[in-house]
Amino acid sequence: MARKTTHSIRLMKKKGKKIVMLTSYDAPTAAILSEVGVDMILVGDSVGNCLLGYESTIPVTLEDVIHHCAAVSRAKPDCLIVGDMPFMSYKISTEQALENCGLMLQEGGAEAVKIEGAGPVADIVQSVVDAGIPVMGHIGLTPQSIYQLGGYRVQGRTADMAGKLIEQATQLEQAGAFSLVIELVPSETAKAITEAVDIPTIGIGAGPYCDGQVLVLWDMLGLFEDFKPKFVKKYANVRDLIKTAVTDYANEVRNGVFPDEEHSFEMTEEESGRLYGRIKPPE
Ligand code: KIV
């Protein structure tokens, strides 16, 4: 498969081809996503919930995401790698945003960054894009503003609120964003946004009309069970697979079944004889 670029992702919308994005935080899963032809990998700040044991994405640091993004990029996937800019890593000043987005590319190996929000954030997006860094926007439910939004609630339920989201999407498109995540909005709202902009929209909990979809890999594999949003479809129950494998291993160790001959190494008979010849039999 040819390596995906921001250009090829934009072209997919024009050609009416759906875009597939998933999160990954490590080299082995990044390699699998590449092998099966996923278009984009998001190294999301959801790493905080999925791998680091946090209850939200707020405590996730730039160093955390860069560390995991670098692991993903070492797998050399054909997918476009998008590094998620964590809480307060881009809002303090344009200088801060430019420096930190630059680090996501230089140290994390990302090929684009994702930035939550619009309004004043659109100016920041414009500066980052002007510096040559591709930006994916993110509107609707923006988890880094969870305390301000009052929880994980569906956004854009009214025509007025949907209108505001369309304005935000247009603002981000004008600022140069190459694509846009739309999270947790009614299908009709996502459809209206998708029709209003030329850049691809990537939905999560936003219904079927977006140009592409993203899910958190840990959720769709059934690995992460603390939080079960309605929009997550479980494609596997990897948690149960792991539990069965670990229980079988523990039982075999406790019963002396593992390791068996097949999984052990042997000396030659001669060396074994010499070794045991040295050991005095018990008196
Ligand atoms: O961090 C993440 O995984 C995300 C997706 C939910 C879009 O931002």
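Residues numbered from 1 in each chain as written. Predicted model: local features only at pLDDT ≥ 70, side-chain atom pairs only at ≥ 80, totals over all residues. Heavy atoms only, no water.

When helices and strands are counted, the protein shows twelve helices and eight strands. Scaling as 2.2 N^0.38, a compact globule of 283 residues should have a C-alpha radius of gyration of about 19 Å, whereas the protein reaches 24 Å, well beyond that. Per-residue burial for the protein yields a buried fraction of 46% across its 283 residues. Contacts in the protein between residues at least 24 apart in sequence constitute 58% of all its contacts with a sequence separation of at least 6. (Helix = DSSP H or I, 4+ residues; strand = E, 2+ residues; numbered from the N terminus. Rg over C-alpha atoms; globule rule 2.2 N^0.38 Å. Buried < 20%, exposed > 50% of the residue type's maximum accessible area, 1.4 Å probe, protein only. Contact = heavy atoms within 4.5 Å.)

Attention now goes to the side chain of Asp26. Among the secondary structure elements, Asp26 is positioned in the loop between strand S1 (19-23) and helix H2 (27-35). Buried and unpaired, Asp26 has Arg74 as its nearest opposite-charge partner, separated by 10 Å. At a separation of 2.8 Å, a polar atom in the side chain of Asp26 contacts the main-chain amide nitrogen of Thr29. Dropping the residues within four chain positions of it, Asp26 is found in contact with Ala71, Val72 and Trp218. (Lys, Arg positive; Asp, Glu negative; His and termini not counted. Salt bridge = Lys/Arg side-chain N within 4 Å of Asp/Glu carboxyl O. Polar contact = N/O pair within 3.5 Å; in protein donor to acceptor, adjacent residues only side chain to side chain.)

Moving on to the packing of aromatic side chains. Going through the model one piece at a time under the given rule, you end up with two aromatic pairs. Both rings, one in Tyr25 and one in Trp218, keep their centres 5.6 Å apart while their planes meet at 70 degrees; by these two values the pair is edge-to-face. Highlighted residues: Tyr25 in the loop between S1 and H2 and Trp218 in helix H10 (residues 217-220), separated in sequence by 193 residues. Just above the ring of Tyr209 sits the side chain of Lys191; from NZ or CZ to the centre is 5.6 Å. (Phe/Tyr/Trp six-rings, centres within 6.5 Å; stacked < 30°, edge-to-face > 60°. Lys NZ or Arg CZ within 6 Å of the ring centre and 35° of its normal.)

Before going further, it helps to examine the site of the ligand. With respect to spatial proximity, the complete set of residues near the ligand consists of Thr23, Leu42, Gly44, Asp45, Ser46, Asp84, Lys114, His138, Glu183, Ile204 and Val216. Contacts to the ligand include Asp84, whose side-chain N or O atom sits 3.1 Å from an oxygen atom. A breakdown of the residues in the shell around the ligand according to their chemical character gives three nonpolar, four polar and four charged. (Near = heavy atom within 4 Å. Nonpolar A, V, L, I, M, F, W, Y, C, P; charged D, E, K, R; others polar.)

What follows deals with the packing of helix H6 (residues 120-130) against helix H8 (residues 159-175). Across the interface, H6 lies against H8 with an axial gap of 8 Å and an inter-helix angle of 25 degrees. One finds that H6 runs roughly parallel with respect to H8. The element H6 and its partner H8 pack so that their crossing is right-handed. Within the contact between the two elements, H6 uses Ala122, Val125, Gln126 and Val129 and H8 uses Gln171, Leu172, Gln174 and Ala175. A class-by-class count of the residues in the contact of H6 with H8 yields five nonpolar, three polar and no charged. (Axes fitted to C-alpha atoms, helices over the stretch in contact; angles between N-to-C directions. Parallel < 35°, antiparallel > 145°, perpendicular 65-115°, else oblique. Left-handed = near helix turned anticlockwise from the far one by under 90°.)

With an omega of 0 degrees, the peptide bond between Phe258 and Pro259 qualifies as cis. For Pro259, the location among the structural elements is in the loop between helix H11 (238-254) and helix H12 (269-278). Phi angles above zero are rare outside glycine, and Met88 is one such case at about 60 degrees. Within the element layout of this structure, Met88 appears in the loop between strand S3 (80-84) and helix H5 (94-106).

Moving on, we come to the domain arrangement of the protein. For the protein, the domain assignment lists domain 1 (6-236) and domain 2 (241-275). Placing the centre of domain 1 and that of domain 2 at their C-alpha centroids yields a distance of 45 Å. (Domains from an automatic or database assignment.)

Let us look at the pattern of salt bridges. Here the structure, examined in full by the defined rule, presents six salt bridges. Ionic pairing is found between Arg274 and Glu271, a salt bridge with its closest N-O pair at 3.1 Å. With Arg274 and Glu271 both in helix H12 and three residues apart, this pair spans about one turn of that helix. The class of Arg274 is partly exposed, set by a relative accessible area of 46%.

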